[in-house]
Amino acid sequence: MEKPCARSLEELREACRQCRACGLAATRQNVVFGEGNSRAKIFLLGEAPGAREDESGRPFVGRAGELLSRLLWQAGLERGDLFITGSIKCRPPRNRNPRRAEMAACRPVLNQQLDLIRPRIIVCLGLVAAQNLLGPGVRMGDVRGQWFQYRGYRVYPTYHPAAVLRHTVSAGLIIEDFRTVKKALSSAWQPPQ
Ligand code: SF4
């Protein structure tokens with residue numbers, strides 16, 4: 001999908017289903033476009049679909065998805081109020097990380113999702129999402145819990161819930177970050193026109 005020009009999220013979703021802009025189209029079962037509130041103030045950006053997501057066509061299902069819903073709830077956020085998607089929409093074989101060329105190929109979809117939804121804040125879940133928006137050289141330890149900009153949108157990176165399942169990060173840190181994001185929504189900042 002080189003030049004998406006959808007006028008609505010549904011139109012973009014349909015175009016995305018047909019997308020063959022990178023090699024992942026050959027091995028996917030489903031395009032995982034994303035889901036949630038089309039007027040969400042918070043846009044959660046993950047990595048890439050895994051096996052369960054590829055089967056179901058939905059983002060963040062399975063253990064990491066259940067944990068994500070719980071962490072959001074503990075921070076006073078409802079999953080259904082947000083929009084959730086990945087940095088790429090098709091599953092990489094054997095769950096490898098997305099390649100830079102694949103993320104570049106999928107960027108027009110992401111950019112148009114943002115411009116149709118116009119969220120107040122993009123939360124990057126994990127390093128792949130942070131590197132996708134902020135540059136390939138960033139390290140999670142340097143950017144987590146700090147504010148950045150991407151095409152005029154405020155960006156706040158935190159850890160991926162899978163890191164909690166791997167016991168490399170405590171759930172409390174992600175909850176703390178979600179609470180910060182919730183608090184930031186009450187500031188006067190508006191998305192770009
Ligand atoms: S990952 Fe993105 S660019 Fe590649 S085929 Fe899927 S929708 Fe198209």
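The model shown is predicted, which means the values in this text are computed figures rather than measured ones. (Residues numbered from 1 in each chain as written. Predicted model: local features only at pLDDT ≥ 70, side-chain atom pairs only at ≥ 80, totals over all residues. Heavy atoms only, no water.)

**Q** Could you give me a rundown of the environment of Leu116, with the residues and numbers involved?
**A** Structurally, the position occupied by Leu116 is in helix α4 (residues 100–117). Relative accessible area serves as the criterion here: at 28%, Leu116 is assigned to the partly exposed category. Distance in space between the C-alpha atoms of Leu116 and Leu44 is 15 Å, their sequence separation being 72 residues. The residues contacting Leu116, other than those within four sequence positions of it, are Ala6, Arg7, Ser8, Leu9, Leu12 and Ser38. (Helix = DSSP H or I, 4+ residues; strand = E, 2+ residues; numbered from the N terminus. Buried < 20%, exposed > 50% of the residue type's maximum accessible area, 1.4 Å probe, protein only. Contact = heavy atoms within 4.5 Å.)

**Q** Just give me the short version of the sheet that holds strand β4 (residues 121–125), but keep the residues and values in it.
**A** With mixed pairing, six strands are arranged side by side in an open sheet as β1-β3-β2-β4-β6-β5. Single-partner strands in this sheet number two, and they are β1 (35–36) and β5 (148–150). With four bridges connecting them, strand β2 (residues 42–46) and strand β3 (residues 83–86) associate as parallel partners. For Gly46, the partnering residue across the bridge sits in β3 and is Gly86. Against the sheet, α4 contacts β2, β3, β4, β5 and β6 (153–158), and its axis sits at roughly 165 degrees relative to β2. Against the sheet, helix α8 (residues 171–184) makes contact with β2, β4 and β6, and its axis sits at roughly 165 degrees relative to β6, the strand it touches most. (Pairing = 2+ DSSP bridges. Axes fitted to C-alpha atoms, helices over the stretch in contact; angles between N-to-C directions.)

**Q** Describe the pairing of β4, naming the residues involved and giving the relevant values.
**A** With five of its five residues buried, β4 lies for the most part within the structure. Residues Ile121, Val123 and Leu125 point to one face of β4 and Ile122 and Cys124 to the other, with burial holding for every one of them. Relative to β4, β2 is paired through four bridges, and the arrangement is parallel. The partner of Leu44 across the bridge, within β4, is Val123. Sheet topology places β4 next to β6; five bridges connect them, and they run parallel. Of the residues in β6, the one forming a bridge with Ile122 is Val155.

That's the geometry; what it means functionally is another story.
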